[in-house]
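# Summary of the model geometry
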Amino acid sequence: MLRDSSLEDRRREHHLVVVRAGVVGVLVLLALALVAARLVRLQVDQHEHFSVLSRDNRVKVQAVPPSRGLIYDAKGVLLADNLPSFSLEITVEKVEDLDGTIAALSAIIPVDANDLARFERLKRQRVRFQGVPLRLNLTPEEVARFSLDSHLFPGVDVRAELIRSYPRGALTAHVLGYVGRINTEDMARIDTSDYAGTHFIGKGGVEKAHEELLHGHVGHQQVEVNARGRVLRTLEGKPPVPGRDLHLFLDIDLQQAATEALGDNRGAVVAIDPRTGGVLALVSKPSFDPNLFVEGIPQPDYHALLYSPDKPLFDRAVRGQYPPGSTVKPFVGLAGLASGVVDARKAKYCPGFFQLPGQAHRYRCWRRGGHGSVALEQAVVQSCDVYFYDLAHSMGIERLQGFLREFGFGSRTGIDVAGELGGLVPSREWKERARNQPWYPGETLIVGIGQGAFLSTPLQLAAATATLANRGRFIQPRVARASQVPGSPEVQELPALTHAVEVGDPHHWDQVIRAMTEVVEGARGTAKRIQTKAYRIAGKTGTSQVFTVGQKETYNAARLDKRMHDHALFIAFAPVEDPRIAVAVIVENGGHGGAVAAPVARQVMDAHLGGSRLLARGEPGDGD
Amino acid sequence: MAIRSALPSLDPGDDPAAPSLLRRLHLDLPLLIGLLALCAFGLMVLYSASNQDLGNVKRQLMRLGLAFGVMFALAQVSPVRLRSWSPFIYGVGVLMLVAVLLVGDVGKGAQRWLDLGLIRFQPSELLKLAVPMMVAWLLAARPLPPSLPRVLTAAVLILVPVLLIARQPDLGTAILVVAAGAAALFIGGLSWRLILAIAAVAAAMAPLLWYNMWDYQRQRVLTFLDPESDPLGSGYHIIQSQIAIGSGGVFGKGWLNGTQSHLEFLPERHTDFIFAVIGEELGLAGILALLVLYLFIIFRSLAIAANASDSYGRVLAGGLSLVFFVYVFVNTGMVIGLLPVVGVPLPLVSYGGTSMVTLMAGFGMLMAVQTHRKAVQF
């Protein structure tokens, strides 16, 4: 029967497979027995022979690290160099009496307490069978002295390596960052085989952001060594691929001018070329000497920097988050125009305060007596708070924050400087999530004048200003312009992301830019003191509150501690007709933007555009 | 027979009224235990082989997590569904191989990767699974053993992807894919006369193969025959790994104490040559323990094949178990100098991700074959 035959088929099939599986099992056993037999031959019969070979092993493969790419500024000035340096290294695993060896070494090469402390620290973090430096920067005489006696010190070697050096020191510390020894944390995020011979890695700034380009790829060489592991000669190998050199937009002369313009103040300056998004200057003061960090900074020096009240290690330009204050008003004004909430020709009345319908609370204008009747242009020029309270209130927080985000507020710009922070544009959704509280209408008003929870970095302010100067073309700011294989003529430009900010009628740009021009060029502008005949400037002053003034009090600088004083802000671009530089300045606890921050921006623009160094005479601005 | 004892009872009545938790999760306990033990052993050795770099161990652990996830997911797919997918998966795999030859990325001098934007993918890995699936699908359509035309069809289906992979060129993977297909055919009942004939033809074809090899492949074969002829070139690997293993002796130099490995005489010590680190540090005893572990996993897989409820399951499971064995044999054989150097990792022990996911996907299918069994009717 059909059914029976199919059943018979199945039985046969099953039997067949069981037999075949059995055959395979036997074959597997035989093959593994072969492997085992071979192992017995190697590990038992020939064990003595191979033990001798292992002890006298003479040829090994060494990793050859690539040389790190150099960094040049816009005019070809070298900002990060590699200098040869000799260090004395101990491979701890190969030394029997470590203390004795160090004592004997100190007799021929001076070793101080700092060296010992660093050696102990690096020894704890070391990778097994890798040398730990005892002394750095040996002089040629010291190298010669050790070489004479090197046979007495198995496991101790002089190593020549290239050490990163930053010739402009503190001037580039924040923007370039620095390299430091690879630690276990770094190991987790790199391809360790590619870093087999490399000891340094970018720890911040451009050095970290462009680590992949700057590092290159490891090479290998086979070397003949003696029984102690000392290299006798090189046999053959594959050379490393050197890291690529970087060419920056950064202009070191402008960087210098911006640093000098800040004087002894704490603060930051960011200058961007609106046409390219290239960062011309990125200054954070105070700064520090990055060269100290390359070979490991001594603990007391590090603590002095870390706990200094001036926070020199803190990169204010990309990590400092400040309320943008009145500098945000041109953008809020644009938001109002773009959404149709305000008309540039229609005035609002400022009695010195603003009240929400049905509420007693008075949101005050900075000028107690009020500005009277003001339209958009005068509202920006005189920085009338009431105008912008009203605008923000009519627009509502959702539309307002959405528009501000288009200019780059509230999220990282993606600049190629590691560690950037994104600031904060408050919104309903944010407040629900972060504070688990509902949004109050009063908070919308405060966002409209750039205070409260609203935070922006100086970099974001500069990028937003550049976007304004560009009439809506946002270009992601970046420090590096191009990369180049060392010695090759081919230069590869690095890409930039861009997007367009839409405001409906293009005249809206003219209206806001005209208002910003009046801030500097007009008779009543808050920054009229920085006028120059050489070119026309569009700007906006701002102050950012550190200390909250109570409802019935007045802000009295004389009675407050200096560190509670307002931060002074200024944004500007120039020349108005053909913008070539956009600047954001913050002077911490500097007071009014017009008096303190604007002159800094003027000096930076002068240095870039070649204008007069003399400030135009004029009455001090009326605060803002 | 040795296998017989490892076979679970053919009687379906493991109390079907109350299926165990493992059965419901479609996991096979002996196989799972074997795999976990193997991975634990592998991580311990990897820690030493990568100079106590916990970063490597962590990354490997994440890959293992992913691989076990894939295994678990595939174990849920019933072999019936797997069978219906087979021709489709095979077709996609072959198309991707063609795509790699046309637009693939060149990594380490060979074209293997397909850049899919988000991830880079090595289509040849997929074929290690797709080929045995396809052969099983073909053979299971008629009662076993297969007729001659069917065998010839299967041979063509195996050779097309193999030739594409060999063109990349990737000898190691090509060997594994051939092995996968051949193993499936063998389990499916390829007649002994044909096996002899194929062996004869292969022997006759050897010179032809030689002239079609790439230079570096030829070099490896030459070096294998006489490592001393090129002690600093490709012979270096073989000499150094044999010194490492031989100097390990019966009980080894101790975990973390291998001089060959830590003084960097041994190249690729955490990837393809990790077996030599085991030999040096844990000695013959450690290696035999590892081989027993492998043997257990292979025998359990064969038992699943023999015990499967239909031809598709039997042929597929048999093919997959043999691929795993070929991995073990080719890698260990290479490291101890029995076989020429080909890029095949020590399965589930070597550092690296792609093959691990493929292997665990295979074990997922094996578990599916075992746990989705219908009651066998006799």
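Bear in mind the structure is a predicted one, so any value in this text is a computation, not a measurement.

### A short note on the overall build of chain A
Counting its regular elements, chain A contains 22 helices and 23 strands. Per-residue burial over chain A gives 44% buried out of 624 residues. Intrachain contacts of chain A at a sequence separation of at least 6 include 73% that bridge at least 24 residues.

### Some thoughts on the overall build of chain B
Of regular secondary structure, chain B possesses 15 helices and 3 strands. The buried share among the 378 residues of chain B stands at 51%.

### Overview of the pairing of strand β22 (residues 567-574) of chain A
Residue and element names in this part refer to chain A. A large share of β22 lies buried, amounting to 8 of its 8 residues. Side-chain alternation along β22 places His 567, Leu 569, Ile 571 and Phe 573 on one buried face and Ala 568, Phe 570, Ala 572 and Ala 574 on a second face that is also buried. One ladder, built from 7 bridges, connects strand β21 (residues 538-544) with β22; its direction is antiparallel. Opposite Thr 543, over in β22, you have Ala 568 as the bridge partner. Pairing between β22 and strand β23 (residues 581-587): 7 bridges, direction antiparallel.

### Describing the nonpolar core
Ranked by internal contacts, the top residues of the largest apolar core, which has 126 residues, are Val269(A), Ala271(A), Val583(A) and Val604(A). Take this core: its biggest share by element is 9 residues, from helix α22 (residues 593-609) of chain A. Residue contributions to this core reach at least three from each of two domains, namely domain 2 (60-248) and domain 3 (252-287 + 316-609) of chain A. Among the nonpolar cores identified, the runner-up in size contains 122 residues, and Val24(A), Leu138(B), Tyr236(B) and Ala368(B) belong to it.

### Looking at the interface of chain B and chain A
If you look at the interface, chain B gives 53 residues, while chain A gives 43 residues. Elements that contribute at least two residues to the side of chain B that touches chain A include exactly α1 (2-6), α4 (54-75), α8 (171-187), α11 (235-248), α12 (259-262), α13 (274-307) and α14 (311-335) of chain B. Here the side of chain B that touches chain A gets 12 residues from one element, more than from any other, and that element is α13(B). Its residues assigned to classes, the side of chain B that touches chain A comprises 30 nonpolar, 19 polar and 4 charged.

### Some points on the packing of helix α6 (residues 123-140) of chain B against helix α7 (residues 148-166) of chain B
Residues and elements named next belong to chain B. Where α6 contacts α7, the two axes come as close as 10 Å, and the packing angle between them is 175°. It follows that α6 is roughly antiparallel to α7 by the angle criterion. Of α7, the residues touching α6 (which contributes Ser 124, Leu 127, Val 131, Met 134, Val 135, Leu 138 and Leu 139) are Arg 150, Thr 153, Ala 154, Leu 157, Ile 158, Pro 161 and Ile 165. Taken together, the residues that form the contact of α6 with α7 break down as 11 nonpolar, 2 polar and 1 charged.

### Focus: the confidence of the model for chain A
Looking at chain A, the pLDDT average stands at 86 and 91% of residues meet or exceed 70. Counting contacts from residues 612-624 of chain A, a segment whose pLDDT is below 50, to residues more than four positions away or on other chains yields 38 contacts.

### A look at the confidence of the model for chain B
Residue and element names in this part refer to chain B. Within chain B, residue pLDDT values average 80, and 81% of them lie at 70 or more. This stretch, residues 1-18, has a pLDDT under 50; its non-local contacts, to residues over four places away or in other chains, come to 20 contacts. The ipTM, which scores confidence in the relative placement of chains, is 0.85 for this predicted complex, and the corresponding pTM is 0.62.

### Quick word on the packing of α6(B) against α14(B)
All names here are of chain B. Where α6 contacts α14, the axes come no closer than 8 Å and their chain directions differ by 150°. Of the possible angle classes, the one that applies to α6 and α14 is roughly antiparallel. Crossing of α6 over α14 shows right-handed handedness. Taken together, the residues of α14 that come into contact with α6 (itself represented by Lys 128, Pro 132, Met 133, Val 135, Ala 136, Trp 137, Leu 139 and Ala 140) are Ser 311, Tyr 312, Val 315, Leu 316, Gly 319, Leu 320 and Val 323. Tallied by class, the residues present in the contact of α6 with α14 amount to 12 nonpolar, 2 polar and 1 charged.

### Quick look at unusual backbone geometry
Cis geometry is adopted by the peptide bond preceding Pro286(A), which originates at Lys285(A) and carries an omega value of -5°. Looking at where Pro286(A) falls in the secondary structure, it is placed in the loop between β12 (278-285) and α11 (291-294). A cis amide bond links Ala574(A) with the next residue in sequence, Pro575(A), at an omega value of -15°. Of note in this structure, Asn137(A) is not a glycine but carries a positive phi near 50°. Mapped onto the fold, Asn137(A) is located in the loop between β4 (132-135) and α5 (140-149). Residue Asn137(A) is classed as exposed on the basis of its C-beta count, with 12 C-beta atoms lying within 10 Å. A positive phi is found at His26(B), a non-glycine position, where the angle reads about 60°. Topologically, His26(B) is positioned in the loop between α2 (21-24) and α3 (29-49). Judged by C-beta crowding, with 18 C-beta atoms within 10 Å, His26(B) ranks as partly exposed.

What counts and how
- Residues numbered from 1 in each chain as written.
- Chains lettered and ligands numbered in written order.
- Predicted model: local features only at pLDDT ≥ 70, side-chain atom pairs only at ≥ 80, totals over all residues.
- Helix = DSSP H or I, 4+ residues; strand = E, 2+ residues; numbered from the N terminus.
- Buried ≥ 20, exposed ≤ 12 C-beta atoms within 10 Å, placed from the backbone.
- Contact = placed C-beta atoms within 7 Å.
- Pairing = 2+ DSSP bridges.
- Core = buried A, V, L, I, M, F, W, Y, C linked by C-beta atoms within 7 Å.
- Domains from an automatic or database assignment.
- Nonpolar A, V, L, I, M, F, W, Y, C, P; charged D, E, K, R; others polar.
- Axes fitted to C-alpha atoms, helices over the stretch in contact; angles between N-to-C directions.
- Parallel < 35°, antiparallel > 145°, perpendicular 65-115°, else oblique.
- pLDDT = per-residue confidence, 0-100.
- Left-handed = near helix turned anticlockwise from the far one by under 90°.

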